[in-house]
Amino acid sequence: MTTTAPDRSAAPTAAPTPASAPTPASAPTPTASTPERTPTPERTAAPLLDAVRRGDSGAVAVLLAGMSEQERRACVDALTAERRRLRSDWSRWDGPNLAALKLAGTGCHTGAAACARWLMHSDLRWADTEPEALADVLADRDPAWLADLLRRLSEARTDLMPDEFTLLLRLRDLADVPMPANEACVNAWINQLQSQRYASGNSTPVSLVRTLREDPLTPVFVPLILDLAGVNSPDLWTPEESSASDQTWPGALSRLSDEGLLPRRGLIDRCLAALLRGGRPAELRFATALLTALSPTPQERAERTGDWVRLAADAPSAVAAHAQTALRDLWEQEQLPSAVLAEASTGVLFRTEKKLVNAQLSLVDKAVRREPDSAPLLLAAVGQAFGHPDHAVQTRALRVVRRHLAHADDATRAELGAAADLLAPSLLTEAAQLLGSHITPPATEPYTESLPPVPVPHALPPAPDTATEAAAEITAALAHEPEAAEFERALDTLVRHAHRDRPALVAALQPLAQHHTWLADPQQFHDSTDGLALAVSAVLGHLDPQQIRGSGKRPARHGRTCQHQRFTALLDARVREAAERLTGDQPLPLLLATPSDHLGRLGAAELLDRLAAYDRLGVTPAPLDFEQALLRVQHPDDPAELTERAMRSGTEHSDRLAALLSSGPLAPAPLERRVAKVKRRWYRSEEPAGSYVRYDIQALPALLDICREPETRRLADPLTPGNEICYWHHMPPSRQLAACPGHRETLAAGLIPAAADLDGWGMSDACQMLPLLAEAPGGAGSPGLHLLLAYGLSARDREDRTHAVDALLLLAARHHLDPVLLASDMVELIDRGFALPNRVCDALATAADTGAHRTVWSVLAALLPALLTRTPASRALGAFLATASDCAERTGIRGDIPGLADLAARRGTTRVLSQARRLAAALADPSAEAAAPV
């Protein structure tokens, strides 16, 4: 839409108003009797703002058409202020007002950079403004200006929305320039094509081949899908269609390459380049599928032999398998020289995937049979498989060597002898018979268990000295969900600096307040205290005591069944208490309960020093803060001196601390083992159903002698989880440990319902806390912690199992691990169908790979008898036996496992039987040492 600019050569003449636009009441037409006045920016913007506030985009377009460039620039500040005002008025935020505002700002910004920033502003991106309307208000701009805007918009974001891409297409047509070739445009083009196929509303999509053939951007953007690393690959399949059909991207692109619209050779080269560039498996799936659909001819494969060799050695499993197939096809067609096959085999046989390694060993075996002269080259590569973690693969590699060793020269034998050091001990005898003097006998060194060092608690650093440093630390804590140490230190820092110099702290927090405008809204804290944010808002003066007391009032209907709500209620109440004192006449100088170390413990001497500081200032401690400090007190080995010092203080709070020190550490709450039926979510029906084992936590009356506030006395109540698995998690796991750092057994028992959450959220929280619990104070033989560890070792996610393995190794290093108790818990979870044996085996194998073979054997020795007698046998039994064999061979343990001899005596070549014979041979080795206790 374009109009002729008004003639301003005659000074007293007012700018004409378009016929379709209403004459604004605030801008009267000058007459002969009215003195001329220069229009101010406010008067110029008034009609435009009025149209924006009415949400009338049509009136906005008409007004923009009648404005000069200078008048448009004069409206920018008023429109920017209107955007900020709309941001605070949520009732008008997502409606016609915002759409009209976006249109007005687009027309008023006369610089391409400023216009691009306006269009891509986070406040305006979701405005429902038609791209055609935006393009119309920009149509009268210079083509070079439009080309600059097009480039800036395409580079502003990596995720262009559909309307934004439509605007880019219109700008491209107006400026008559090519479309920018970047990740954002290619991603938006892919999304647009896939949405257009279903635009008609029919269940059957439009042919993708026809859509791509008719789109002028196809020859330009299809190569970029493979060339640009930031492009999201299109969907690989369509329901009810095969992978080679016209309804899939690989099939459609293959057909277009056959038609000549796309260069076939270029697509193949780009696919290989993308695969060689690497990335996550999901990112390489499209290039692999397209390469499969293109189906390179034998000649095309032979021309790219070097690429196949590199991919087979270094690419992810699926890509490596594709490359391995290409190399095998070349060998079958006698187009792969032995030297190239040896190079490829060296890389493939170094990999850990059994399927790839076994397939390569089979290919090497066939190659040496067909061409015996290639044995020196190929057998040297087979030595790479001697170091494979799977015993069966090592055995197969040794068989290939035995079959063709007669064709090997001395250099190859020497190379294989050097690699034989990597073989399992049970295979060294056979290797020595084959290689003779070329193999070096292994050094007979006593086995040494590799366990992590026993962790030492580290003290928390003191609060920062300046308000600027304090504000930076508080801002960092608010940027994410902080762990216990960071949260407690930030809250204490806020309290200290608010007492020391509140104006300086408020000034330092202003950048934070301007960025997080929600801190000024009391409604944000109606349902939740939001932790540290509530205290920050109180310091900034946005909350009064009544609003603080009314914040975060969560219902306590699950108080006897969910441990999370107990700790959350205590934390919320502590934060409200501190925030309320920050707004009162007697703010706290510091927090008594701030821990001394990262485990949440508080030294008794440090608490006495803090109470003395309170006495000097004449400040009364906050009740919950003081009782949380009592729960965190670390009892000294000789409490007599500290008890006497506390009694000499003569205050109520020091007397309570003296009573706690004299009574000694609290005994953990009694536990009662129970079995509960599981109520599962319908979308996790593939998980094993059944019952889960838990511990009910009995009452702890001794805690009532210390605590007087409802939130702390609630921790003494019994905890009886129901059948419903706990899905409710509010705080990081470390904050639960920091609430009662001396009661790891009680905490572990309370986390078991969360660990039974196989959906992953609760299990992840519990597994993240396992290393902290293993590091926390406590003794050996804790049933709650061992049951929680059994759940963690059977977690679905590998990352969760890794946390459990870390806890297992820490407990072993501290001599707190009871392998028989852990194994019995595992057996019960497996028997009840709650834990999958393959996950447990994977976790134990991971622990063994760290060098803790004796620790893992102690668990397997107690676990295997139950697994050997299961009917039917577990599918993971072979993996369990392989891990046990590896541990027995490396540690030199001997002995007997009930049921193992009968299994080893059976005939057959299955993995279970072969590994049973291997384990029986290792345990019966007369040269083995007796096992030392773990």
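Residues numbered from 1 in each chain as written. Predicted model: local features only at pLDDT ≥ 70, side-chain atom pairs only at ≥ 80, totals over all residues. Heavy atoms only, no water.

1. As for the overall build of the chain
Regarding its fold elements, the chain presents 47 helices and 4 strands. In the chain, which comprises 934 residues, the share counted as buried stands at 51%. The long-range fraction of contacts in the chain, counting pairs at least 24 apart against all pairs at least 6 apart in sequence, stands at 74%. (Helix = DSSP H or I, 4+ residues; strand = E, 2+ residues; numbered from the N terminus. Buried < 20%, exposed > 50% of the residue type's maximum accessible area, 1.4 Å probe, protein only. Contact = heavy atoms within 4.5 Å.)

2. What to know about empty space enclosed by the protein
Counted according to the given criterion, the structure contains 7 cavities of 30 Å³ or more. Here the largest cavity is characterised by a volume of approximately 190 Å³. Lining the largest cavity we find 17 residues, and of these R566, L715, C740, H743 and T746 sit closest to its centre. Counting only elements with at least two residues in the lining of the largest cavity, the list comes to α31 (563-582) and α38 (744-755). (1 Å grid on protein atoms, 1.4 Å probe; cavity = no way out; pocket = protein on both sides within 12 Å on 5 of 7 lines; lining within 4 Å. Points joined across faces, edges and corners; volume = space filled by probe spheres on them.)

3. Observations concerning the nonpolar core
Taken as a class, soluble globular proteins show a tendency for nonpolar side chains to be buried jointly. Judged by nonpolar contacts, the single largest core of 147 residues is most densely connected at L494, L509, L789, Y791, L844 and F880. Filtering out sequence-adjacent residues up to four positions away, L844 remains in contact with L808, M826, V856, V859, L860, L863 and F880. With 128 residues, the next largest nonpolar core counts L119, V309, L361 and L379 among its residues. (Core = buried A, V, L, I, M, F, W, Y, C linked by side-chain atoms within 4.5 Å.)

4. Remarks on the packing of helix α9 (residues 162-175) against helix α10 (residues 183-196)
With their axes 10 Å apart at the nearest point, α9 and α10 run at an angle of 110° to one another. Judged by the angle between their axes, α9 and α10 are roughly perpendicular. Side by side, α9 and α10 meet where F165, T166, L168 and L169 of the first sit next to C185, A188, W189 and Q192 of the second. Here the residues of the contact of α9 with α10 sort into 6 nonpolar, 2 polar and no charged. (Axes fitted to C-alpha atoms, helices over the stretch in contact; angles between N-to-C directions. Parallel < 35°, antiparallel > 145°, perpendicular 65-115°, else oblique. Nonpolar A, V, L, I, M, F, W, Y, C, P; charged D, E, K, R; others polar.)

5. Some remarks on unusual backbone geometry
You will see that S295, though not glycine, has its phi angle at about 50°, which is positive. Among the structural elements, S295 can be located in the loop between α15 (281-294) and α16 (298-302). The backbone phi angle of H815 is positive, close to 60°, even though this residue is not glycine. Within the secondary structure layout, H815 lies in the loop between α41 (798-813) and α42 (819-831).

6. Observations regarding the packing of helix α33 (residues 623-632) against helix α35 (residues 652-663)
It is the contact of α33 with α35, at a shortest axis distance of 11 Å, that shows an interaxial angle of 20°. Relative to α35, α33 is oriented roughly parallel. Along this stretch, α33 crosses α35, giving a crossing that reads as right-handed. Here F626, E627 and L630 of α33 lie close against α35, whose contacting residues are H653, R656, L657 and L660. Counted by class, the contact of α33 with α35 contains 4 nonpolar, 1 polar and 2 charged residues. (Left-handed = near helix turned anticlockwise from the far one by under 90°.)

7. Things to note about the state of the cysteines
According to the stated counting rule, one finds 0 disulfides in the structure shown. Of the cysteine sulfurs around C75, a residue in no disulfide, the closest is that of C108, at 4.6 Å. (Disulfide = S-S within 2.5 Å.)

8. Some words on the pattern of salt bridges
The tally for this structure, following the rule as stated, stands at 51 salt bridges. A salt bridge links E303 to R265; the nearest nitrogen and oxygen atoms lie 3.3 Å apart. One end of the pair, E303, is in the loop between α16 and α17 (305-314); the other, R265, is in helix α14 (residues 264-277), and 38 residues separate them in sequence. Overall, the relative accessible area of 52% leaves R265 in the exposed class. Residues E627 and R656 are paired through a salt bridge, measuring 3.2 Å at the closest nitrogen-oxygen approach. Of the two residues, E627 is situated in helix α33 and R656 in helix α35; the sequence distance between them amounts to 29 residues. (Salt bridge = Lys/Arg side-chain N within 4 Å of Asp/Glu carboxyl O.)

9. Re the confidence of the model for the chain
Taken over all residues, the pLDDT of the chain has a mean of 84, while the share at 70 or more is 85%. Under a pLDDT of 50 for its full length, residues 554-560 has, in the predicted model, 20 contacts with residues more than four places off or in other chains. Low pLDDT, under 50, characterises residues 927-934; the stretch is placed with 13 contacts to residues that sit more than four places away or in other chains. (pLDDT = per-residue confidence, 0-100.)

10. So, the side chain of R574
Topologically, R574 is positioned in helix α31. The buried category is assigned to R574, whose relative accessible area is 5%. Ignoring any residue separated from it by four or fewer positions in sequence, one finds R574 in contact with E488, L591, A593, L624, D625, Q628 and R632.

11. Describing the environment of R402
Note on placement: R402 falls in helix α22 (residues 391-404). Accessibility expressed as a relative area gives 40% for R402, which makes it partly exposed. For the pair R402 and L434, spaced 32 residues apart in sequence, the C-alpha to C-alpha distance is 6.8 Å. Not counting chain neighbours up to four residues away, the residues in contact with R402 comprise E430 and L434.

12. Some points on the packing of aromatic side chains
Evaluation of the coordinates by the stated rule reveals 3 aromatic pairs. Arranged with centres 5.5 Å apart and planes meeting at 80°, the rings of W189 and F221 form a pair that is edge-to-face. Of the two residues, W189 sits in helix α10 while F221 sits in helix α12 (residues 218-227), which places them 32 residues apart along the sequence. Per residue, the accessibility class of W189 equals that of F221, and both read buried. Ring geometry for Y791 against F834: centres 5.6 Å apart, planes inclined by 85°, an arrangement best described as edge-to-face. Taken as a pair, Y791 in helix α40 (residues 783-793) and F834 in the loop between α42 and α43 (837-849) lie far apart in primary sequence, 43 residues in all. Note on F834: relative accessible area 3%, which makes it buried. Each member of the aromatic cluster is reached from another via a ring pair, and the members are W189, F221 and W249. Across from the ring centre of W331, 3.9 Å away, lies the NZ or CZ of R370, which sits over that ring. Just above the ring of F487 sits the side chain of R735; from NZ or CZ to the centre is 4.2 Å. (Phe/Tyr/Trp six-rings, centres within 6.5 Å; stacked < 30°, edge-to-face > 60°. Lys NZ or Arg CZ within 6 Å of the ring centre and 35° of its normal.)

13. Remarks on helix α24 (residues 425-435)
When α24 is considered as a whole, its buried residues turn out to be L427, L428, A431 and L435. The buried side chains of α24 occupy one side of the element, clustering within an arc of 115° when seen end-on. Along α24, the residues that are exposed and aim more than 90 degrees away from the buried face are T429 and Q433. Among the structural elements, α22 and α23 (410-419) are those in contact with the buried residues of α24. Just past α24, the residue G436 takes up positive phi, approximately 60°. (Arc of directions from axis to C-beta.)

14. Remarks on a negative patch on the surface
Among the surface-exposed residues, D128, E130, E132 and D163 lie close enough to one another that they form a single negatively charged patch. Mapped onto the elements, E132 comes out in helix α7 (residues 131-137). (Patch = residues over 30% accessible without salt bridge, like charges linked within 9 Å, V, L, I, M, F, W, Y side chains within 5 Å. Areas by Shrake-Rupley, 256 points an atom, 1.4 Å probe, with all protein chains shown as cover. Lys, Arg positive; Asp, Glu negative; His and termini not counted. Charge placed at Lys NZ, Arg CZ, Asp CG, Glu CD.)

15. Quick word on α33
With 9 of 10 residues buried, α33 lies mostly within the body of the structure. Of the positions making up α33, those classed as buried are L624, D625, F626, E627, Q628, A629, L630, L631 and R632.

16. Notes on the environment of H786
Residue position: H786 is located in helix α40. Sequence separation between H786 and A823 is 37 residues; the distance between their C-alpha atoms is 9.2 Å. Among all residues touching H786, those that are not within four sequence positions of it are G781, H816, L817, D818, L821, L822 and D825.

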